[in-house]
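Take a look at the letters that make up each chain.
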Amino acid sequence: MTALPLPASIDDTLALMDQAGYVADRSLATVLHLALKLKRPLFLEGEAGVGKTEIAKVLSASLGRDLIRLQCYEGLDLASAVYEWNYPAQMVEIRVAEASGDMDHSELSKTIFDERFLIKRPVLQALQPSLSGPPVFLIDELDRADEAFEAFLLEVLADNQVSIPELGTVKADEPPIVIITTNRTREIHDALKRRCLYHWVDYPDAERELEIVRRKVPGAAARLAAEVVAFVQKLRADEDLFKQPGVAETLDWATALSELNEMALDPDMASDTLGVLLKYQDDIERVRGSKIRQMIDDIRKDAPNPQSMPAV
């Protein structure tokens, strides 16, 4: 993978995202440009499914950098996130030394804690030099990890280094491009946020969401795409749902309806496929039936020129 130069301006950053198929607003492009220019981690917060993780993927592809992803979860520890020693291989080394009679303990301890026995996990991988330049390091859903791991990240984000007792300190020659995402299931400590630039990734407005659907689901009929977006926008604005649908769910629903050869929203088909859009039964029951029919009627009345639409 050949590294490309970083965008020189906000407009270049916006164009970079656009060329990769990511429909970003100017505020996101601005903070992303600053994060790249200042070599600071970017902390992205927002609801699930609004495109936070996709930003790191787009950067990796657009800049020709490796993508290293650390998926956070409860109980994540250093062995899974940073490094661990290859204990079976170390034991083999010890047995070979015993068999050969070469048991100088001081030399053996240096040998078995050599870097060739080190298993590098995402954090350590992100600090290693690469021919394609510093990688994009995605720390995904940090709010799922424990606070102890969050505290450990302070050293990584502040100094671009980790400490390995048996080897010493491993420091990056150049800091990786760090993207941290959180769905805000819990608050992240201020000490970590201070080391980052911050951006809230919100649900897109109707115009931007429609452009996303057009790009990601090009096979969807124009009317279907417009009505799916209008329906989802109305759901978010008017309905008190346990979990509002994200952009990912909008794309899934548009794709599913397109695969079923729908040209526009049909109340019965929309009701039957609500499980693609909504992920909780209470939310589905709230919308299903006469409610969904009424919502479709409303969005057609509110359409700019409903008379120009072909009959369903």
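Residues numbered from 1 in each chain as written. Predicted model: local features only at pLDDT ≥ 70, side-chain atom pairs only at ≥ 80, totals over all residues. Heavy atoms only, no water.

Novice: Give me the lowdown on the overall build of the protein chain, citing residues and values where you can.
Specialist: Helix and strand content of the protein chain: 16 helices and nine strands. Taken over C-alpha atoms, the radius of gyration comes to 25 Å for the protein chain, far larger than the 20 Å a tight globule of 312 residues would show. The proportion of buried residues among the 312 residues of the protein chain is 46%. A fraction of 74% describes how many contacts in the protein chain between residues 6 or more apart in sequence connect residues 24 or more apart. Accessible surface computed for the protein chain: about 15800 Å², of which carbon and sulfur atoms make up 51%. Within the protein chain, the 53 negative side-chain charges are centred at a point lying 3 Å from the centre of the 35 positive side-chain charges. (Helix = DSSP H or I, 4+ residues; strand = E, 2+ residues; numbered from the N terminus. Rg over C-alpha atoms; globule rule 2.2 N^0.38 Å. Buried < 20%, exposed > 50% of the residue type's maximum accessible area, 1.4 Å probe, protein only. Contact = heavy atoms within 4.5 Å. Areas by Shrake-Rupley, 256 points an atom, 1.4 Å probe, with all protein chains shown as cover. Lys, Arg positive; Asp, Glu negative; His and termini not counted. Charge placed at Lys NZ, Arg CZ, Asp CG, Glu CD.)

Novice: Give a detailed account of the pairing of strand S2 (residues 67-71), specifying residues and quantitative values.
Specialist: With burial as the criterion, only one face of S2 is covered, namely that bearing Ile68 and Leu70; the residues Leu67, Arg69 and Gln71 on the opposite face remain uncovered. Relative to strand S5 (residues 136-140), S2 is paired through five bridges, and the arrangement is parallel. In the strand pairing of S5, Arg69 is matched with Leu138. (Pairing = 2+ DSSP bridges.)

Novice: Now, about the layout of surface pockets: what can you tell me, with residues and values included?
Specialist: Taken as a whole, the largest pocket spans an internal volume of roughly 510 Å³. Along the walls of the largest pocket sit 28 residues, with Gly49, Val50, Gly51, Lys52 and Glu54 positioned nearest its centre. Among the elements of the structure, helix H2 (26-38), helix H3 (52-63), strand S9 (197-200), helix H10 (206-216) and helix H12 (247-259) are those that each provide at least two residues to the lining of the largest pocket. Residue classes in the lining of the largest pocket are distributed as 12 nonpolar, eight polar and eight charged. (1 Å grid on protein atoms, 1.4 Å probe; cavity = no way out; pocket = protein on both sides within 12 Å on 5 of 7 lines; lining within 4 Å. Points joined across faces, edges and corners; volume = space filled by probe spheres on them. Nonpolar A, V, L, I, M, F, W, Y, C, P; charged D, E, K, R; others polar.)

Novice: Summarise the state of the cysteines; cite the residues concerned and give the values.
Specialist: The tally for this structure, following the rule as stated, stands at zero disulfides. Cys196 supplies the cysteine sulfur nearest to Cys72, a cysteine that is in no disulfide, at a spacing of 12 Å. With a relative accessible area of 1%, Cys72 lands in the buried category. (Disulfide = S-S within 2.5 Å.)

Novice: Requested: an account of helix H11 (residues 222-238), with residues and values cited.
Specialist: In this model, H11 (17 residues) spans 24 Å end to end at C-alpha, consistent with the 24 Å of a helix rising 1.5 Å per residue. Regarding H11, the residues found buried are Arg223, Leu224, Ala225, Glu227, Val228, Val229, Phe231, Val232, Lys234, Leu235 and Arg236. Close packing links the buried residues of H11 with H10, H12, helix H14 (274-277), helix H15 (281-287) and helix H16 (290-301). (Expected span 1.5 Å × (residues − 1).)

Novice: Explain unusual backbone geometry residue by residue, including any values.
Specialist: Positive phi values are uncommon outside glycine, yet Glu141 reaches one of about 60°. Residue position: Glu141 is located in the loop between S5 and helix H8 (147-159). Even without a glycine there, the phi angle at Asn160 is positive, about 55°. Mapped onto the elements of the fold, Asn160 is located in the loop between H8 and strand S6 (161-164). Overall, the relative accessible area of 19% leaves Asn160 in the buried class.

Novice: So what's going on with the side chain of Arg65? Which residues, and what values?
Specialist: Turning to its location among the elements, Arg65 is positioned in the loop between H3 and S2. Among buried charged residues, Arg65 stands out as having no salt bridge; its nearest opposite-charge side chain is Glu174, 6.4 Å away. Within polar-contact distance, the side chain of Arg65 engages the backbone oxygen of Pro134 at 3.0 Å. (Salt bridge = Lys/Arg side-chain N within 4 Å of Asp/Glu carboxyl O. Polar contact = N/O pair within 3.5 Å; in protein donor to acceptor, adjacent residues only side chain to side chain.)

Novice: Describe the environment of Glu47, and please don't skip the residues or the numbers.
Specialist: With respect to the helices, strands and loops of the structure, Glu47 is situated in the loop between strand S1 (42-45) and H3. Look past the residues within four positions of Glu47 in its chain and what remains in contact with it is Lys52, Asn183, Trp200, Val201 and Tyr203.

Novice: Please set out the environment of Pro245 residue by residue, giving values where relevant.
Specialist: Relative to the helices and strands, Pro245 is located in the loop between H11 and H12. The spacing of Pro245 and Leu278 is 33 residues in sequence and 6.2 Å in space, taken between C-alpha atoms. Ignoring any residue separated from it by four or fewer positions in sequence, one finds Pro245 in contact with Tyr203, Val232, Leu235, Arg236, Leu277 and Leu278.

Novice: Give a detailed account of the pairing of S1, specifying residues and quantitative values.
Specialist: Neither face of S1 is left uncovered, since the one carrying Leu42 and Leu44 and the one carrying Phe43 and Glu45 both have all their residues buried. By the bridge criterion, four bridges tie S1 to strand S8 (residues 177-182) in an arrangement that is parallel. Counterpart to Glu45 in the pairing with S8 is Thr182.

Novice: Kindly report on empty space enclosed by the protein, identifying the contributing residues and their values.
Specialist: For the structure on display, the rule yields one cavity of 30 Å³ or more. Space inside the largest cavity adds up to approximately 30 Å³. Considering the residues around the largest cavity, the lining is formed by Leu32, Ala35, Leu36, Arg40, Pro41, Leu42, Leu59, Ile177, Val178 and Ile179. Looking at the lining of the largest cavity residue by residue, the class counts come to nine nonpolar, no polar and one charged.

Novice: Lay out the packing of aromatic side chains in plain terms, naming residues and giving numbers.
Specialist: A complete count under the given rule lists six aromatic pairs for this structure. Note on Trp85 and Phe113: the rings are 5.1 Å apart at their centroids and 75° apart in plane angle, and the pair reads as edge-to-face. Note that Trp85 is positioned in strand S3 (residues 83-85) and Phe113 in the loop between helix H6 (105-112) and strand S4 (118-120), a separation of 28 residues in sequence. By relative accessible area, Trp85 is classed as buried at 4%. (Phe/Tyr/Trp six-rings, centres within 6.5 Å; stacked < 30°, edge-to-face > 60°.)

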